Structures are given as structure tokens and as C-alpha cells.
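Read off the chains here:
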Amino acid sequence: MTPFLKIEQLSLRFETHLNEDTLSNISFEMEHGESILLLGPSGCGKSTLTSCLNGLYPRELDGEMNGLVFINGKKTTDYNPGELSQSVGVVFQDPETQFCMQTVEDEVAFGLENIRIPNELMEDKVDESLMLVDMLPYKKLPIATLSGGQKQKLALACILALEPSLLILDEPTANLDPVATKDLILTIQRLKKKTNCALLIIEHQLDGWTELTERCVLLNSRGEVFYDGSLRKAIKDKFHELESEGIWIPKVTQYLINHLDDGLATVPLTLDDFSKQAHLWIPTEWEAYTQNNYATSEVFAEASDISWFSKKQQIIRNISLNVYQGEFIAIVGANGSGKTSLLRILAGIQKPTSGIIKVKGKSLKNWKESNLRDEIGFVFQNPEHQFITNTVFDEVAFSPRIKGIPEKKLTVSVNAILEVCGLIRLTNEHPYSLSQGQKRRLSVATMIIDNQHMLLLDEPTFGQDAHSNMELMKLLQDRYDRGTTIAMITHDMEIVNQYATRVIVMDNGQLVADCTPDQLWGMPADKLEQWQLQLPLPIQLKRIYEKEVQYVST
């Protein structure tokens with residue numbers, strides 16, 4: 001039987017790097033209805049490969065592509081423009097990049113109109129696609145009113161309406177809270193059962209996806225396939241390569257990997273896997289993280305009864321809080337709960353409708369903008385919102401140059417930051433040509449070079465491979481250890497558990513909890529569920545262990 005997808009010795013080079021392969025000699029096959037995890041470090045060419053599968057490359061490629069890609073036994077280059085989109089659908093990491101209409105209904109209908117679905121069939125097709133992802137109640141709403149999770153589901157519905165045989169998901173959960181992530185994965189699982197489409201899943205965070213498939217294709221930093229097979233076997237046989245390449249493995253496995261021995265029949269990939277082996281572990285292995293707390297009694301920033309309305313909708317509701325010098329604050333909550341709006345107001349980027357913001361005792365309105373930016377650095381959720389130069393080096397050097405730092409000293413500082421952020425080989429690249437993970441690291445680099453007293457970061461670790469994530473958090477920890485106040489939005493409860501000294505929980509525009517991580521984990525389960533939070537893995541493992549051991553002992 002002819003495989004649905006066949007790739008033969010595929011190599012690709014971009015015009016700006018004709019002496020270096022982005023993808024190198026890639027070959028693998030995929031059967032009808034099969035599911036595969038495509039894993040690799042940030043910038044290794046995973047998203048580039050999807051552009052080869054949906055026919056965008058070589059048609060729109062500024063560079064060279066060699067090798068062959070077959071879909072249903074036919075070369076992608078033999079398909080007419082747009083024809084492949086009916087067989088291969090891609091849901092991008094940022095769903096907003098593929099929206100072009102105003103309402104949910106019109107967005108789904110847009111693709112159907114392009115393939116000339118008769119008008120009398122259109123509405124039923126739209127409804128059917130929205131029903132598949134539980135979005136039919138939102139049919140008439142403007143896209144701008146949807147949460148991040150809802151936008152991701154809408155992007156999925158738009159692709160499903162075209163009934164593709166292969167669905168490519170490019171980091172679909174990168175911007176989602178834990179509950180929305182679980183919900184999306186469950187939606188994909190239901191779709192898989194209903195449609196039996198093939199799935200190619202590009203992800204850094206694997207938790208939940210391993211229940212859909214264990215086959216993985218692993219790319220290294222040179223864009224080469226170095227493994228094709230079972231993820232469980234890859235972890236056993238290729239662990240050191242996975243580690244050196246910065247490829248994430250499931251959190252359960254990562255946490256337990258140092259304790260695995262030959263006495264265990266299988267490598268735990270999920271909490272369910274672990275629960276079946278929990279009695280083999282000992283309680284001393286559930287160590288707690290102890291973050292040094294450098295907080296002082298000095299108030300760095302103060303918010304007094306702030307509210308903010310946007311288009312007659314209240315986004316922030318009567319929040320008052322103090323940020324003390326030397327804190328490491330995690331701001332958490334569901335998509336759409338007001339986290340980003342609160343952070344932008346604290347930074348002076350967004351003016352509140354009412355209330356007062358003070359920095360070092362002085363109202364924001366009395367601060368000169370350049371002086372305020374010397375005190376507060378802000379990293380946007382979308383890195384591209386802060387890029388203003390034509391090269392990676394110049395982007396990081398921009399602020400020091402304005403301050404008159406001598407070029408020789410500036411070059412040393414910039415290169416040191418780029419080295420730590422894993423961007424030194426991309427010094428002369430245009431910021432917009434980077435992968436999403438690389439863009440995120442560049443946006444952080446542009447801020448940390450200035451040594452501000454407070455750093456505000458909006459989800460700085462999303463889209464990062466394991467190595468980059470670790471280096472980025474080490475950078476922030478180092479800044480914190482040297483006295484910088486850190487406040488970051490994150491959906492990663494492991495980061496909250498390991499690094500934060502204080503947690504602010506947002507829900508429907510309100511500050512509903514302000515406590516330590518330990519206090520948050522001790523709150524009732526229904527509260528955490530309401531706020532769309534989940535316990536960090538060590539806490540979950542400990543509770544499963546205690547429950548299973550108690551069951552075995554009785």
C-alpha cells in the first residue's frame with residue numbers, strides 16, 4: 001500500500017545561508033491515519049519541514065530544495081497552487097497569523113469559499129466544523145473576543161472544514177493555560193477517532209500527546225533525522241542525545257529519569273504509567289524546592305485600586321498591590337483572565353482607566369519615559385512587537401548604543417548575552433527570520449542587557465526547547481540573585497514551584513489570590529480548577545505515591 005506521506009532525501013537551504021542546510025537529507029514515511037511526534041530543538045527546521053509538506057516550499061522558497069516529497073503517491077510539486085491544502089492542513093503556533101476575517105463564522109467559511117463549496121452547503125459545513133471543536137455557541141462572535149484557547153480551536157475548525165487527510169499541529173498549546181491545553185488535546189483525541197486523519201504533532205511540551213502516539217521522529221540542531229521510532233525506546237537508548245539537543249521528554253519521565261533502573265519494566269511517560277509503579281519509589285525522592293527570598297520591605301511599585309476598560313468591557317477590576325524590591329513573582333491564571341493587561345499597566349505601557357500606579361513612590365505620570373525604562377524592562381508576549389532593527393546583534397545593542405556605551409565594550413556585552421541565549425551564530429540574521437523560540441530568547445536578551453531594577457516578562461519560556469528553557473531561567477535566576485525584581489506571567493507550574501517567591505492569581509480581571517507557591521498548592525482542588533491551574537508535577541507525584549503506597553499497605 002502506498003504510504004500517505006513519503007519524504008526522500010529532503011534537504012533545504014535558504015538564500016541567506018546557501019552554504020548551510022536548514023534541513024539535511026531527511027527521509028521517512030507516514031501511513032494513512034498514523035500519528036507522529038516531530039521533535040527537535042528550537043530552530044532545527046521543524047516548521048520549515050511543514051512548509052515542504054503543504055507545498056509552500058519550493059514554490060515560495062528563497063533558496064534551494066532538493067529531494068522529493070510525496071503526498072498520496074504524488075509529488076507535492078505536481079499539485080496546483082492551493083490544491084494541497086485540501087489534503088494537508090496546518091494549525092500554526094500563533095493562530096492569529098492565519099485569521100483574515102472578523103467573525104468566527106466568516107473565518108471558517110473563508111476557506112470553504114476558496115475551494116468553491118456551494119452556498120447551500122456552506123452553513124452546514126461551518127456548523128459541523130465548529131461542532132467538532134465545541135465552538136458552535138461562538139459562531140456569531142468577533143474573533144477578537146475569544147480567549148487564546150478558543151482561537152486555537154477556531155484555527156483547528158478552519159482546517160477541519162477542508163477535511164484534510166493530514167493535520168499538522170505546530171506547537172498548538174504554546175500559549176495555552178494548563179486546562180485549555182488538556183481541553184485541546186482531548187479535542188484532538190476525539191477528532192482522531194471521528195475522522196482518522198493522520199497527525200503530525202510538533203511540540204516541546206509532550207504531556208498529554210503521548211497518549212495519542214508513541215512514534216517520534218527526532219531532528220537534531222543540524223536539521224537531520226537521528227531517530228525514528230518509539231519515544232519510550234528513544235528515552236532509554238538515546239537519552240544523552242535528547243539531553244544534548246535540548247529535546248523535551250514528558251515531565252514525569254524527566255523528573256524520575258535519574259532514579260530509573262533496570263528493575264523497572266517500562267519508562268513512565270504519564271502520571272497513569274507512574275501510578276502503576278508508584279510503590280517502587282521512596283518518599284525521600286519528593287524533595288521540595290527552596291528558592292532564596294531576597295524581598296525587602298522597600299516598595300518598588302505600587303498599584304492602588306486600578307481598573308481598565310477596553311471597548312466598554314472591564315478587563316482589570318479594582319486591583320491594589322505592592323511589588324517589593326527583590327521579589328520573584330509569578331502571575332498565573334486562565335487565558336483571558338487579565339494577566340497581560342495587569343503587567344502592561346504595571347510597566348506603564350497601558351494607562352489604567354482609574355487608579356494610580358507609582359514606581360519608587362512617584363506616580364507614573366511624573367516619570368520621564370527614558371528614565372522609567374532604565375528602571376523597568378518589559379518582554380512582550382509576542383516578541384515581534386519589540387523588534388526595531390535589521391540584525392540580531394543590533395537589536396540587543398540598540399539600547400546601550402543610545403546610552404553612549406563605547407562600541408568595544410558594547411560588543412563584548414552583546415556577544416556575551418547572545419552566547420548565553422544561544423543566539424551567537426545568528427548575530428547577523430534579521431530578527432524576523434528567526435524561529436519562534438529564537439525570537440523569544442532575543443526579546444529577553446534585549447531587556448536583560450540593560451540591568452533594570454525590575455523585569456516584567458510575559459510568558460518568556462513558551463516555545464523553548466529544554467536547553468534554552470534551562471538557560472533562560474538560569475539567566476533570570478542570576479538577575480534575581482543580584483537584586484533584580486522579577487515578575488513573570490507563566491502557565492508552567494513547574495517554574496512557579498521552583499522559582500517564585502510569590503504568586504499572584506488572576507481570574508476574570510480580579511486578583512483572587514496573593515500567596516507563596518506552597519500556600520497555593522495547599523488550596524482546595526475546586527479553587528485551582530476554577531482558576532484553571534494544576535498542581536506542579538512533584539506535588540502530583542507525591543500524592544499519587546502516598547495514595548498508592550497506602551492502598552498497597554492496607
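The rules we used
Residues numbered from 1 in each chain as written. Predicted model: local features only at pLDDT ≥ 70, side-chain atom pairs only at ≥ 80, totals over all residues. Heavy atoms only, no water. Helix = DSSP H or I, 4+ residues; strand = E, 2+ residues; numbered from the N terminus. Rg over C-alpha atoms; globule rule 2.2 N^0.38 Å. Buried < 20%, exposed > 50% of the residue type's maximum accessible area, 1.4 Å probe, protein only. Contact = heavy atoms within 4.5 Å. Areas by Shrake-Rupley, 256 points an atom, 1.4 Å probe, with all protein chains shown as cover. Lys, Arg positive; Asp, Glu negative; His and termini not counted. Charge placed at Lys NZ, Arg CZ, Asp CG, Glu CD. Disulfide = S-S within 2.5 Å. UniProt positions renumbered as here; feature names shortened; annotations may be inferred. Pairing = 2+ DSSP bridges. Axes fitted to C-alpha atoms, helices over the stretch in contact; angles between N-to-C directions. Patch = residues over 30% accessible without salt bridge, like charges linked within 9 Å, V, L, I, M, F, W, Y side chains within 5 Å. Salt bridge = Lys/Arg side-chain N within 4 Å of Asp/Glu carboxyl O. Left-handed = near helix turned anticlockwise from the far one by under 90°. Nonpolar A, V, L, I, M, F, W, Y, C, P; charged D, E, K, R; others polar. Polar contact = N/O pair within 3.5 Å; in protein donor to acceptor, adjacent residues only side chain to side chain. Core = buried A, V, L, I, M, F, W, Y, C linked by side-chain atoms within 4.5 Å.

Asks: Hey, could you run me through the overall build of the chain in this one?
Replies: Per the secondary structure count, the chain includes 20 helices and 20 strands. Taken over C-alpha atoms, the radius of gyration comes to 24 Å for the chain, in line with the 24 Å a tight globule of 554 residues would show. Its C-alpha atoms give the chain principal-axis dimensions of about 70 × 65 × 55 Å. Among the 554 residues that make up the chain, the fraction classed as buried is 55%. By sequence separation, contacts in the chain at least 24 residues apart represent 68% of the contacts at least 6 residues apart. Accessible surface, the chain as shown: approximately 25000 Å² in total, 48% of it carbon and sulfur. Charge-centre separation for the chain: the mean point of 53 positive side chains lies 5 Å from the mean point of 74 negative side chains.

Asks: For this particular structure, what's the right way to read the state of the cysteines?
Replies: Working definition of a disulfide: a covalent bond connecting the sulfur atoms of two cysteines. Going through the model one piece at a time under the given rule, you end up with 0 disulfides. Left without a disulfide partner, cysteine 197 is nearest to the cysteine sulfur of cysteine 158, which lies 15 Å away. When its relative accessible area of 5% is taken as the criterion, cysteine 197 is described as buried.

Asks: Whenever I open this one, the UniProt feature "domain: ABC transporter" (unreviewed entry) in the chain confuses me. Can you help?
Replies: The feature "domain: ABC transporter" (unreviewed entry), as given by UniProt, occupies residues 5-247 and 301-533 in the numbering adopted here. For the annotated span residues 5-247, helix accounts for 34% and strand for 24% of the residues, and the straight-line distance between the end C-alpha atoms is 24 Å.

Asks: Where do I start with the sheet that holds strand 11 (residues 299-310) in this structure?
Replies: Working definition: the strands of a sheet are paired by backbone hydrogen bonds and lie parallel or antiparallel to each other. On the basis of which strands lie adjacent, the open sheet formed by 4 strands has the order 12-11-14-15 and antiparallel pairing. Taken across any chain shown, the strands that pair with only one partner, and hence form the sheet edges, are strand 12 (313-324) and strand 15 (362-363). Bridge count between strand 11 and strand 12: 8 bridges; the pairing is antiparallel. When the bridges of strand 12 are listed, glutamate 302 appears paired with asparagine 322. Strand contacts of helix 11 (residues 339-347): strand 11, strand 12 and strand 14 (354-359), with the helix running at about 55° to strand 12, the strand carrying the most contacts.

Asks: What's the story with the pairing of strand 1 (residues 5-14) in this structure? I'm lost.
Replies: Two faces, one strand: in a regular strand the side chains alternate between the faces of the sheet. Of the strand pairs in this sheet, strand 1 and strand 4 (residues 63-71) are connected by 8 bridges, and their pairing is antiparallel. Note that in strand 4 the partner of lysine 6 across the bridge is phenylalanine 70. By the bridge criterion, 5 bridges tie strand 1 to strand 2 (residues 23-30) in an arrangement that is antiparallel. Counterpart to leucine 5 in the pairing with strand 2 is methionine 30.

Asks: Would you mind going over helix 13 (residues 392-402) with me for this structure?
Replies: Because an α-helix completes one turn every 3.6 residues, residues spaced three or four positions apart along the sequence face the same direction. Buried within helix 13 are the following residues: Val392, Phe393, Glu395, Val396, Ala397, Ser399 and Pro400. Looking at the buried positions of helix 13, the neighbouring elements they touch are helix 14 (407-420) and helix 15 (436-448). Directly after helix 13, the chain includes glycine 404, whose backbone phi takes a positive value near 80°.

Asks: Just to check I follow, could you spell out the sheet that holds strand 16 (residues 376-379) for this structure?
Replies: The sheet built from 6 strands is open, its strands ordered 16-17-18-13-19-20 with mixed pairing. Edge positions in the sheet fall to strand 16 and strand 20 (510-515), since each of these pairs with one other strand and no more. Taken over all neighbouring pairs, the strand axes of this sheet differ in orientation by 15° on average, direction set aside. In this sheet, strand 18 (residues 485-489) lies alongside strand 13 (residues 328-333) in parallel orientation, the contact comprising 4 bridges.

Asks: Got a minute to help me understand unusual backbone geometry in this structure?
Replies: With glycine set apart, most residues show a phi of negative sign, and most peptide bonds adopt trans. Note the cis peptide between tyrosine 57 and proline 58, where omega equals 10°. Among the secondary structure elements, proline 58 is positioned in helix 2 (residues 56-59). Despite not being glycine, asparagine 25 has its phi angle at roughly 55°, a positive value. Looking at where asparagine 25 falls in the secondary structure, it is placed in strand 2. Here lysine 360, not a glycine, exhibits a phi torsion of approximately 50°, which is positive.

Asks: Explain a nonpolar patch on the surface here, please?
Replies: A grouping of Ile388, Phe398 and Ile402 is seen on the molecular surface, where their side chains present a nonpolar patch of about 320 Å² in accessible area. By the element assignment, phenylalanine 398 lies in helix 13. The exposure class assigned to phenylalanine 398 is partly exposed, which follows from its relative accessible area of 35%.

Asks: Help me out: how do you make sense of the packing of helix 3 (residues 104-114) against helix 4 (residues 119-132) in this one?
Replies: The angle between the axes and the distance between the axes are what describe a pair of packed helices. Relative to each other, helix 3 and helix 4 sit at 115°, their axes nearing to 10 Å. As for how helix 3 packs across helix 4, the hand of that crossing is right-handed. Where helix 3 approaches helix 4, its residues Val104, Glu105, Val108, Ala109, Leu112 and Glu113 are matched on the opposing element by Met122, Lys125, Val126, Ser129 and Leu130. A breakdown of the residues in the contact of helix 3 with helix 4 according to their chemical character gives 7 nonpolar, 1 polar and 3 charged.

Asks: When you look at the environment of glutamate 384 in this model, what are you seeing that I'm missing?
Replies: Summarising the element assignment, glutamate 384 is placed in the loop between strand 16 and helix 13. Of the residues examined, glutamate 384 reaches a relative accessible area of 25% and is grouped as partly exposed. For the pair glutamate 384 and threonine 210, spaced 174 residues apart in sequence, the C-alpha separation works out to 32 Å. Looking at glutamate 384, its side chain comes within polar contact range of the side chain of lysine 439, at 2.4 Å.

Asks: How should the nonpolar core be read in this particular structure?
Replies: Core analysis: the largest hydrophobic core is formed by 54 residues, its most contacted members being Leu154, Leu156, Leu167 and Leu169. It is helix 5 (residues 148-160) that provides the largest number of residues to this core, a total of 7 residues. With near-sequence residues (within four places) excluded, leucine 154 lies in contact with Phe99, Val104, Glu107, Val108, Leu130, Ile143 and Leu146.

Asks: For this particular structure, what's the right way to read the pattern of salt bridges?
Replies: Should their charged atoms come close, side chains of opposite charge can pair. Scanning the entire structure with this criterion turns up 31 salt bridges. Between aspartate 492 and lysine 251 there is a salt bridge, with its nearest N and O atoms 3.8 Å apart. Of this pair, aspartate 492 sits in the loop between strand 18 and helix 17 (493-499) while lysine 251 sits in helix 9 (residues 251-256), and the two are 241 residues apart along the sequence. Judged by its relative accessible area of 22%, lysine 251 is partly exposed. Note that arginine 373 is salt-bridged to glutamate 369, the shortest N-O span being 2.7 Å. With arginine 373 and glutamate 369 both in helix 12 (residues 369-375) and 4 residues apart, the pair spans about one turn of that helix. Judged by its relative accessible area of 22%, arginine 373 falls in the partly exposed class. Counted as one network, the salt bridges with shared partners bring together Glu105, Glu123, Asp127, Lys139 and Lys140.

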